[in-house]
Amino acid sequence: EHEVEKMFTLKPGRLPQADVKNVIFFVRPRLELMDIITDNVLREDRGRAPQRDFHILFVPRRSLLCEQWLKEQGVLGSFIHREQYSLDLIPFDGDLLSMESESAFKECYLESDQTSLYHAAKGLMTLQALYGTIPQIFGKGECARHVANMMIRMKREFPGSQNSIFPVFDTLLLLDRNVDLLTPLATQLTYEGLIDEIYGIQNTYVKLPPEKFAPKKQGDGGKDLPTEPKKLQLNSAEELYAEIRDKNFNAVGSVLSKKAKIISAAFEERHHAKTVGEIKQFVSQLPHMQAARSSLANHTSIAELIKDITTSEDFFDNLTVEQEFMSGIDTDKVNNYIEDCIAQKHPLIKILRLVCLQSVCNSGLKQKVLDYYKKEILQTYGYEHILTLNNLEKAGLLKSQTSGRNNYPTIRKTLRLWMDDVNEQNPNDISYVYSGYAPLSVRLAQLLARPGWRSIEEVLKMLPGPHFEERQQLPTGLQKKRQHGENRVTLVFFLGGVTYAEIAALRFLSQMEDGGTEYVIATTKLINGTSWIKSLMEKLEPAPF
Amino acid sequence: MSRARADEEEYWHSSKFRAFTFDDEDDELSQLKESKRAVNSLRDIVDDDDDDLEKVSWSGEPVGSISWSIKETASSSTSSLESRDSGLPKGSSSYTALPKQASSYSLSSLFKGRNKLPSFQSLSDALSDTGVKNYAPELRRPRAEYKDYSSDWSPKDTVRRMQRGKVCSLERFRSLQDKLVLLDEAVAGNDGNVITAVLIFLKRTLRKEILFRELEVRQVALCHLIHFLKETGEQKLLLDLFSLCLSFLSLQLSQYREHLNIQDVEKRKEFLKGCIGLPFSAEDASHIQDHYTLLERQIIIEASDRQLERAGQSEIFRKYPRKASILNMPLVTTLFYSCFYHYTEAEGTFSSPTNLKKTFKIPDKQYVLTALAARAKLRAWNDIDALFTTKNWLGYTKKKAPIGFHRVVEILQRNNAPVQVLQEYVRLVEDVESRLNLATKYKCHDVVIDTYRDLKDRIQLAAYRCKVERGSAEEEKIDSILNNMVRNTA
């Protein structure tokens, strides 16, 4: 429609051939990307006719640093347009928005760079322009306070932004990731969470090993197995996925087999179709049935892949240690399993996740224990990781118990973070997403809705950062008159990232019959323990240029 | 599902709010329009006078803006969306006109800019060098333009404008006092882009000693500057900054980090040596010291081993050529390497495992594990035997393993140790249960049989008889034990 000829992904080297006049670079303002663009532009054939014009669009904002960088490389002048596309929040699903700013947590807590918070506030202003002013703002944490302040300031400075849209959201809850450092460290046990833990979901897509997806034909003898990873999109548009994504993995198998029976029964019906009308009806349903069948086949394969891993001894041992820590067992001494993993040189990220988990569950490790872990890690993985360890300490993930007091048991008991009787098949509590551990962040959201934070003042004081409440006045005409039985809508904004398991837990709360609150989730980035720790690690390879 | 829920559903799916689905291009378009509408209604936040005719004039206005001059085509997201919507050709034509300074509006503004800012130093000299003389026609001064170039904005307003992506002159802030107020405003605004912009301006206009001194009390800004220098690779300035600021900040690690950018090992070693003297915490200091010592060692070992390997005299290097250099490897890897190639060397040499163990205070456990893995790989079973043998003062020998013999067995098994070797260590596993498990798993028949014999478990022994080969020595052994047991009990 806009006569866009082709879309290319950014990579170094010559630009692909295309008979077009305009080339637009659509980029995040990052210096590495600027280098690639420079390379592209410099290799452009000057002699070709017609000359191509270059334009650059920064998402979400123009960056002075990037433009200056381009200038130093001598290519800034090649761009006829330099613009920005203020895309702050990207919709991922019907109830999920993400800024996809992977370094937000690191920037806020390690580099005291709050630009991402500024963007979050801007995104929230845009959201309010679309869906009405949010009358109530709650928050917990340093960053949450900042964002709320910025929103209030932006509103004050531009009184014209007062709009007349009936508010969709009743409440905004801003939560700092560092209020709940524990949750992302634990292994997620929902279906979607496990896919993310094991294969990593990138922008709703996942790449899977192809073996299980080979078309099964007789006599094929597995000659030409596909070698490309299988790429699948995962979102709620797929009926089956929407149903199973947020379930505990242990409950997925039975759903899949039930579905299989229904589908084969449906296909069987063709034998009963006698009249032309019946056959016609059957045929009209075919596309839908076939889609359902292929979706079922895909998810059965994925579930098999995951099961191979979840039934492995190491997964079980790892999970056992995690659960011991979260329920408060033996968090104050050197753990044998962690020691063994270091000796066997398991991936460093796995070690760091466990050590950090232990530290968080003990409100910091004893100095002796911390020193021991540090020494083992540095000797086995290299001294340069002292930088990573230092980052983790700065972020509060790893620390020594200074006060000599372990607050975690109090927090655990008050917020009921550990539930011994978990029902994974038909859950009655959010703790099903981690098979026992109820994510702290979601507990805070749950308790805010009912009975309110006043009941947990003590615990809130133990968690880092201030907690607060703000109100934004609405014109009288827009104030909601709540009808009986109507649900409140709360927007929960996770500053510093959110996991799929936490999303699952919030969706579970939305669906509770007597919940009374529905949740929409926004975040700076979808994370899991591995990607999160990775974002905090020092990049140790020297830059490629 | 309640009625409200259904409504909710309908709300998400209704076409009006399609912005939240990823269906197809059409939707993305409507999504764009949606956000455009949103941005329009946000006009005041994003930009205040976008559609005015005057806009063109000031966007052609480069004068007085230094670093900001590169933003001369600045326009808000609104206009970027518009140009997207209306197709590019139109947009580009209106913009290509700019560099030529064809518009009379821009001439006027250039003129005016000159007057108001007599002492500008411009980065964008190309635009401001010629053609701008005093005779520019005095046109009607657009209101907005007037506002734009009034030079008496407070630092606060300047920061606000910069946040909105507008062209701003920072040159007016000439006194140190003004500059610092500006910086503080930028920091208060939380927008990294603006903070960095101000810092670039300060970096250019202030002596670095003064700048660094002022940043001492402005941690946030300092972090931004460090990050900026890191990103742009200005190593020298960065190190200057570190050396000046070390006294009051915990920047030691940031300086230490710089060693990663040094490719040459000798230089890297020297750099690390320099780091040792920095005021680290006691804990960190010992790690850094170790890092230096390790690299120093590795350089020595690497030089001599490379020579050995080339000469082809040493059997071990001929049989097992090295896969990679040992430089920059972790300590445990280095220990493995030295257990592999230099196991028998005397403690005095740098490359001997015992020397490494002593120098770096490697715990017993770690040492034994590594040595075991290395020697097992070489199938040097005698060395392994010696590793676990301790003599007491009477001269008796005893087997001891700080890691537990079940781990020893695991590692040996992974290295395909023969059954004879394996069973010797299975026998040493203390816990009877796990000894039986391991022995059964790895078919160490002797151990199983002996264990059952010691337990006087006839039934299990008889059952195990079926698992050994017919007519083998093991079968005979079981039979004789069973017979003996009968005789004894009878």
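Criteria and thresholds
Residues numbered from 1 in each chain as written. Chains lettered and ligands numbered in written order. Predicted model: local features only at pLDDT ≥ 70, side-chain atom pairs only at ≥ 80, totals over all residues. Heavy atoms only, no water. UniProt positions renumbered as here; feature names shortened; annotations may be inferred. Axes fitted to C-alpha atoms, helices over the stretch in contact; angles between N-to-C directions. Helix = DSSP H or I, 4+ residues; strand = E, 2+ residues; numbered from the N terminus. Parallel < 35°, antiparallel > 145°, perpendicular 65-115°, else oblique. Left-handed = near helix turned anticlockwise from the far one by under 90°. Contact = heavy atoms within 4.5 Å. Nonpolar A, V, L, I, M, F, W, Y, C, P; charged D, E, K, R; others polar. 1 Å grid on protein atoms, 1.4 Å probe; cavity = no way out; pocket = protein on both sides within 12 Å on 5 of 7 lines; lining within 4 Å. Points joined across faces, edges and corners; volume = space filled by probe spheres on them. Salt bridge = Lys/Arg side-chain N within 4 Å of Asp/Glu carboxyl O. Buried < 20%, exposed > 50% of the residue type's maximum accessible area, 1.4 Å probe, protein only. pLDDT = per-residue confidence, 0-100.

Where an unreviewed UniProt entry is consulted, chain B appears under the name Spermatogenesis-defective protein 39 homolog, with the organism given as Nothoprocta pentlandii.

As annotated in an unreviewed UniProt entry, chain A carries the name Vacuolar protein sorting-associated protein 33A and comes from Nothoprocta pentlandii. Of the comments in the UniProt record for chain A, the one headed Sequence similarities (unreviewed entry) reads "Belongs to the STXBP/unc-18/SEC1 family."

## Observations concerning the packing of helix H11 (residues 313–326) of chain A against helix H13 (residues 348–360) of chain A
All names here are of chain A. One can describe the packing of H11 onto H13 by two numbers: an axis separation of 9 Å at closest approach and a directional angle of 20°. Between H11 and H13, the angle falls in the class roughly parallel. Where H11 crosses over H13, the handedness of that crossing is left-handed. Where H11 abuts H13, its residues Asp314, Asn318, Val321, Glu322, Phe325 and Met326 lie against Lys350, Leu354, Leu357 and Gln358. Among the residues making up the contact of H11 with H13, the classes are represented as five nonpolar, two polar and three charged.

## Considering the packing of helix H10 (residues 155–163) of chain B against helix H12 (residues 192–205) of chain B
Residue and element names in this part refer to chain B. Running from N to C, H10 and H12 cross one another at 120°; their axes reach a closest spacing of 9 Å. Between H10 and H12, the angle is such that the two are oblique. Considering how the two elements wind past one another, H10 and H12 form a crossing that is right-handed. From H10, Val159, Met162 and Gln163 reach across to H12, where they touch Val194, Ala197 and Val198. Of the residues belonging to the contact of H10 with H12, the class tally is five nonpolar, one polar and no charged.

## Thoughts on empty space enclosed by the protein
If you walk through the whole model with that rule in mind, you get nine cavities of 30 Å³ or more. Considering the residues around the largest cavity, the lining is formed by 10 residues, among which Tyr118, Met154, Glu157 and Phe158 of chain A together with Gln163 of chain B are closest to the centre. Ranked by residue count, the leading element in the lining of the largest cavity is helix H5 (residues 142–157) of chain A, at three residues. Its residues assigned to classes, the lining of the largest cavity shows four nonpolar, one polar and five charged.

## A closer look at the environment of alanine 260 of chain A
Summarising the element assignment, alanine 260 of chain A is placed in helix H9 (residues 252–268). Remark: the alpha-carbon pair of alanine 260 of chain A and proline 464 of chain A, spanning 204 residues in sequence, is separated by 48 Å.

## Focus: the pattern of salt bridges
Pairs may arise between side chains of opposite charge once their charged atoms sit close together. All names here are of chain B. For the coordinates displayed, the defined rule picks out 39 salt bridges over all chains. Among the ionic pairs, lysine 358 bridges to glutamate 347, the shortest N-O distance being 2.8 Å. One end of the pair, lysine 358, is in helix H21 (residues 353–359); the other, glutamate 347, is in the loop between helix H20 (331–341) and H21, with 11 residues separating them in the sequence. The class for lysine 358 is exposed, based on a relative accessible area of 57%. Residue classification places glutamate 347 among the partly exposed residues on the basis of a relative accessible area of 39%. Overlapping salt bridges bring together Arg427, Asp446, Asp450, Arg453, Asp454 and Lys477 as one network.

## Details of the confidence of the model for chain B
Residues and elements named next belong to chain B. For chain B, per-residue confidence averages 70 on the pLDDT scale, and 66% of positions sit at 70 or higher. Ranking the elements of chain B by mean pLDDT puts helix H4 (residues 54–59) last with 32 and H20 first with 92. Contacts for the low-pLDDT stretch residues 11–32, under 50 throughout, to residues beyond four places or in other chains number 31 contacts. Residue range residues 41–150 is modelled with pLDDT below 50. Its contacts to residues more than four positions away, or to other chains, number 190 contacts. Note on the complex model: pTM 0.74, ipTM 0.78.

## So, unusual backbone geometry
Residues and elements named next belong to chain A. In this structure, proline 451 follows arginine 450 across a cis peptide bond, with omega equal to 0°. Structurally, proline 451 can be placed in the loop between helix H17 (440–449) and helix H18 (457–462). Although it is not a glycine, aspartate 330 sits at a positive phi angle of roughly 50°. With respect to the element layout, aspartate 330 can be found in the loop between H11 and helix H12 (336–343). Using a relative accessible area of 38% as the deciding quantity, one classes aspartate 330 as partly exposed. Positioned with a positive phi, arginine 416 is a non-glycine residue whose angle comes to about 50°. Note on placement: arginine 416 falls in the loop between helix H16 (408–414) and H17.

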